[in-house]
Amino acid sequence: MPAQDVPVPQDPADALAAVAALRHLADRLEDAAVEQAMRAGWGWPDVAEALGVTRQAVHKKHAKRLIAAGVTLRRRR
């Protein structure tokens with residue numbers, strides 16, 4: 001979708017608030033999806049590939065939270 005086709009509120013404060021809200025929602029969705037994948041037995045490389053990031057990046061971002069949530073993480077083979 002070209003940038004000019006994206007509906008942007010006229011007030012810059014409203015537009016920026018929308019961006020912040022979408023980022024927050026995207027982060028929450030990513031957290032839930034990564035947790036779901038890991039509980040389903042996915043490994044870090046699988047999750048990283050699906051997100052288009054490195055295994056190290058996804059591990060750094062999510063490992064502590066997943067451990068605190070009681071998710072059993074697969075060890076690297």
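Since we're looking at a predicted model, the values are computed, not measured.

What counts as what
- Along each chain, residue indices are assigned from 1 in the same order as the chain's sequence is written.
- Restriction of local features to residues with pLDDT of at least 70 applies here, the model being predicted, together with a cutoff of 80 or more for giving and counting side-chain atom pairs; totals for whole chains, interfaces and linings are based on all residues.
- For the side-chain quantities, the full set of heavy atoms in the structure was used; hydrogens and water were omitted.
- Only runs of H or I of at least four residues qualify as helices and only runs of E of at least two qualify as strands under DSSP, and these elements are numbered from the N terminus.
- Expected span, for any helix, means 1.5 Å times one less than how many residues it has.
- Contacts were defined at the residue level, with two residues in contact if any of their heavy atoms lie within 4.5 Å.
- Definition of a polar contact: a pair of N or O atoms within 3.5 Å, with one able to donate and the other able to accept a hydrogen when the atoms are protein atoms, and with sequence-neighbouring residues admitted only if both atoms are side-chain atoms.
- Exposure classes here rest on a 1.4 Å probe applied to the protein chains alone. A residue is buried below 20% of its type maximum, exposed above 50%, and partly exposed in between.
- Taken from the helix axis, the directions to the C-beta atoms give the arc we talk about.
- Think of a nonpolar core as a cluster: buried Ala, Val, Leu, Ile, Met, Phe, Trp, Tyr and Cys residues, connected wherever their side-chain atoms sit within 4.5 Å.

**As for helix 1 (residues 12-39)**
Then, number 1: Over its 28 residues, helix 1 extends 41 Å from the first C-alpha to the last, a length consistent with the 40 Å expected when each residue adds 1.5 Å.
Then, number 2: Buried residues along helix 1 sit against helix 2 (44-51) and helix 3 (55-68).
Then, number 3: Between the side-chain oxygen of the N-cap and the backbone nitrogen of Ala13 there are 3.0 Å, and the N-cap of helix 1 in question is Asp11.
Then, number 4: Positive phi shows up at Gly41, right after helix 1, with a value of about 95°.

**A word on helix 2**
Because an α-helix packs 3.6 residues into every turn, residues spaced three or four apart end up facing the same way.
Then, number 1: Taken together, the buried positions of helix 2 are occupied by Trp44, Val47 and Ala48. Along helix 2, the residues classed as buried sweep out an arc of 100° about the axis, all on the same side. Along helix 2, the residues that are exposed and aim more than 90 degrees away from the buried face are Glu49 and Ala50.
Then, number 2: Contacts made by the buried residues of helix 2 are with helix 1 and helix 3.
Then, number 3: Trailing helix 2 by a residue or two, Gly52 shows a phi angle of about 75°, which is positive.

**Observations concerning the nonpolar core**
Then, number 1: In terms of nonpolar packing, the biggest core is built from 11 residues, these being Val34, Ala37, Met38, Trp44, Val47, Ala48, Val58, Ala63, Leu66, Val71 and Leu73.
Then, number 2: Secondary structure elements with two or more residues in this core: helix 1, helix 2 and helix 3.
Then, number 3: Sequence-distant contacts of Leu73, that is, excluding residues within four places in its chain, are made with Met38, Trp44, Ala63, Leu66 and Ile67.

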